[in-house]
Amino acid sequence: MTTRTLYALCRCVLLALLATPLGAASEDALHPLDPLTADEITIAADALRAYAAFPKDALFSTIVLHEPPKQEVLAFKPGAAFRRDAFAIVMDRTNNRVFEAIVDLKATQIASWKEVPGVQPQVFVVENDVLVPQIVKADPRWQEAMRKRGITDFDKVQVDTWAAGRLAGQPAGRLLRAVSYYKEGADNFYGRPIEGVVALVNMNTRTVVELFDSGAVPLPPPSQDLDERSIGDQRVAPQPLAITQPLGSSIELNGNEVHWQKWRFRFSMHPREGLVLHTVGYEDQGRVRSVLYRGSVSEMVVPYGDTDLNWRWRSAFDVGEYGVGRLASPLEPGLDAPGYATLFDAVLSDDFGKPYPFKRAIGLYERDGGILWKHFDAIGSQNQTRRARELVLFFIATIGNYDYAISWIFHQDGMLEVDCALTGIMQAKGVALRTEDDSEQHPHSSHLIAENLVAPHHQHFFSFRLDLDIDGVNNTVTELNTRAAAPGPNNPYLNGMVTEETVLRSEGNAQRRVSTESARTWRIMNPALKNSLGQHPSFILVPGVNTVPYIAPESQVRQRARFVDYHLWVTRYNPSERYAAGDYPNQSTGGDGLPRWVARDQPIENEDVVLWYTMGTTHIPRPEEWPVMPVAHLGFKLVPGGFFTRNPALDVPR
Ligand SMILES: [Cu+2]
């Protein structure tokens, strides 16, 4: 046995020891928000299949916990009985019909069953992995397009499935698109696009409806693979850096509940949204004060800026069209997370209603956070520093070529931070161009990243749904804008700066953009309470990296992703309003989700409100981002503002 295999063996044993089940088969749910167990998924699927209206051979797009009403969850006492309902989306692909159902798991009964006309659920795993490649490779037009490019061995072609987007004069039915890559001699097939060929597939009839071929382009040379052997010479590794917890972790776990440094929260893995935070509170003088009832990424969109026939439709709604939870990748200890991290398995349902264990889906760990606070008293030569500790809860979604690590970071000073780390392989396009000197040949909507390979400009937008409940459910949202004070007798030196606070009174006037000029932030406060300084307790949403969209407002993608129009939206709480671009963005024609809800223009002052924060980044590719992107970060912060009356981290021991 070589050292390498021994190491691999140890690693496997270690992996098995490290993973902690989240919603395991053998355990009963202990809390109303615990995700469905494997048994509960089976009960739901069996009950639905036995239901008279259940279409033969239908697929299960979703089987998840139907979360109980907020008031029931908030009133829950440990040990008390609670309801268990499953929510399911069922698709009859033969007849192109979609149904939503709620199953009462305790009574094993269908509590509701309704058809949802004119919608398409997200891409099924079986479509992506099996059916679309099969259908496309069997199509004579596709085969001809491959032969025209000198490709005769179709086993060497990787067919990638894309949600179809919205089509001009949309043909009927469930549609998907497929693009092809040449995978001989390289694992990194994303570097060898078979450019120009796109298949449009009807999944009801299982046929290629149309094959687009905009003409052959040279196949780029094989791209660098990412394993150490292919990369070759390695730099000298830095000396080991060991972080140990000799007395164990300071994280207290009780089922899916976490208690750490005064923070208390629950979490779950949702197939569509990925990691979901629930009932986040902060312990203050012996009581837990509520901050966030539910937080998750509600939608994403990645519009590409290349106008070519086989690119103009590309815009991935990774949450609604694919599901960032279902497409999470298992975390590798010591690499994706520190070796001492606690990793949680999740249980999800497959396309056929069968539960499966998702290994190492979520990671939780403490890390050093640098300086928490400090002052050096130069006169008395006294130093007071406290070292910060941070708690990170995260998962990584891998949607085809891209990898997104989404982390919720808890700080000892009462701050809750979201960090999205973007990495993976960029979407690349084959071109005749070999150097930038030939740049008249391309329309400046992409950048050369390797020989015969460009990466089109694109943007990544995330919509975070934040059901904040600051010290109770009824809250008010205000906007803070800072400016130079007007000149005058009160401002003779012109140094004055003033901050104005404006209440966002209705859904219609709570559609706002970030402003660097006015250092704009938004405050979510409890108007019924005051601290000892006479201030309403609040949390402030502080934007981080952000951008505006560059796709035109009239474009099809923008119509379907209107959540990118504004960085902040506020709606009156409605548990069924979960997804910023609507429940069914796949093949949507636009207008669903936030624009529809805010058109009601309901008052939002002193109400149970939900904040929707859109953040984005504009990605202008560089060769240094090929063949794999170094991580790029974007995020935002929720910082306490009058929630405490002094630095809440003063009590952190030296
Ligand atoms: Cu990008």
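Look a little higher up for the structure.
Remember, it's a predicted structure, so these values are computed and weren't measured experimentally.

Caption draft 1: Geometry of the coordination of the copper ion. Those protein atoms acting as donors to the copper ion are Tyr402 (OH), His458 (NE2), His460 (NE2) and His619 (ND1), and they sit at 1.8 to 2.0 Å. If you look at the copper ion, its four donor atoms make angles of 95 to 143 degrees with each other, and the shape they trace is irregular. Expressed as a motif, the donor residue spacing for the copper ion is Y-x55-H-x1-H-x158-H. Taken together, the positions of Tyr402 in strand β19 (residues 402–411) and His458 in strand β24 (residues 458–468) put the pair 56 residues apart, joining distant regions of the chain. Tyr402 gets classed as buried once you look at its relative accessible area, which sits at 3%.

Caption draft 2: Expanded view of the pairing of strand β32 (residues 629–641). As paired strands, strand β20 (residues 416–424) and β32 are joined by eight bridges and run antiparallel to one another. When the bridges of β32 are listed, Leu422 appears paired with Ala632.

Caption draft 3: Representation of the sheet that holds strand β7 (residues 175–182) in the model. Within the open sheet, the four strands sit side by side as β6-β7-β8-β9. Their pairing is antiparallel. Pairing within the sheet leaves two strands with one partner each, and these edge strands are β6 (157–163) and β9 (207–213). On average, each strand axis in the sheet is tilted by 30 degrees relative to the strand beside it, whichever way the strands run. Taken together, the six bridges between β7 and strand β8 (residues 193–202) define a ladder with antiparallel strand orientation. Paired with Leu176 across the strands is Val201, a residue of β8. In the packing of helix α4 (residues 125–137) onto the sheet, the strands contacted are β6, β7, β8 and β9, and the crossing angle to β6 comes to about 115 degrees. Running over the sheet, helix α5 (residues 140–148) touches β6, β7, β8 and β9 and is turned about 30 degrees from β9.

Caption draft 4: View of unusual backbone geometry. A cis amide bond, omega 5 degrees, links Trp626 with the succeeding residue Pro627. In this fold, Pro627 is placed in the loop between β31 (607–619) and β32. Unlike most non-glycine residues, Gln285 shows phi in positive territory, near 50 degrees. When its relative accessible area of 78% is taken as the criterion, Gln285 is described as exposed. The phi angle at Ser381 is positive, at roughly 50 degrees, despite the residue not being glycine. Examined against the element boundaries, Ser381 turns out to sit in the loop between β17 (355–377) and β18 (382–399). A relative accessible area of 52% places Ser381 in the exposed class.

Caption draft 5: Broad picture of the packing of aromatic side chains. A full pass over the atoms with the stated rule returns 28 aromatic pairs. Look at Tyr304 and Trp311: their rings are 5.7 Å apart centre to centre, the planes differ by 65 degrees, and that puts the pair in the edge-to-face class. Classification of Tyr304 as buried rests on a relative accessible area of 7%. Trp311 sits in the buried class, given a relative accessible area of 0%. An angle of 80 degrees between the planes, with centres 5.1 Å apart, marks the rings of Phe643 and Phe644 as edge-to-face. Each member of the pair, Phe643 together with Phe644, is buried. Here a set of aromatic residues connected by ring pairs shows up, and it is made of Trp263, Phe265, Tyr282, Phe410, Phe539, Phe643 and Phe644. Against the face of Phe644 rests Arg289, its NZ or CZ located 5.9 Å from the ring centre.

Cut-offs applied
- Residues numbered from 1 in each chain as written.
- Predicted model: local features only at pLDDT ≥ 70, side-chain atom pairs only at ≥ 80, totals over all residues.
- Heavy atoms only, no water.
- Donors = N, O, S within 2.8 Å, 3.2 Å for Na, K, Ca; no water.
- Tetrahedral: all angles 85-135°; square planar, octahedral: opposite > 155°, others 65-115°.
- Helix = DSSP H or I, 4+ residues; strand = E, 2+ residues; numbered from the N terminus.
- Buried < 20%, exposed > 50% of the residue type's maximum accessible area, 1.4 Å probe, protein only.
- Pairing = 2+ DSSP bridges.
- Axes fitted to C-alpha atoms, helices over the stretch in contact; angles between N-to-C directions.
- Contact = heavy atoms within 4.5 Å.
- Phe/Tyr/Trp six-rings, centres within 6.5 Å; stacked < 30°, edge-to-face > 60°.
- Lys NZ or Arg CZ within 6 Å of the ring centre and 35° of its normal.

The values reported here are purely geometric and, on their own, carry no functional implication.
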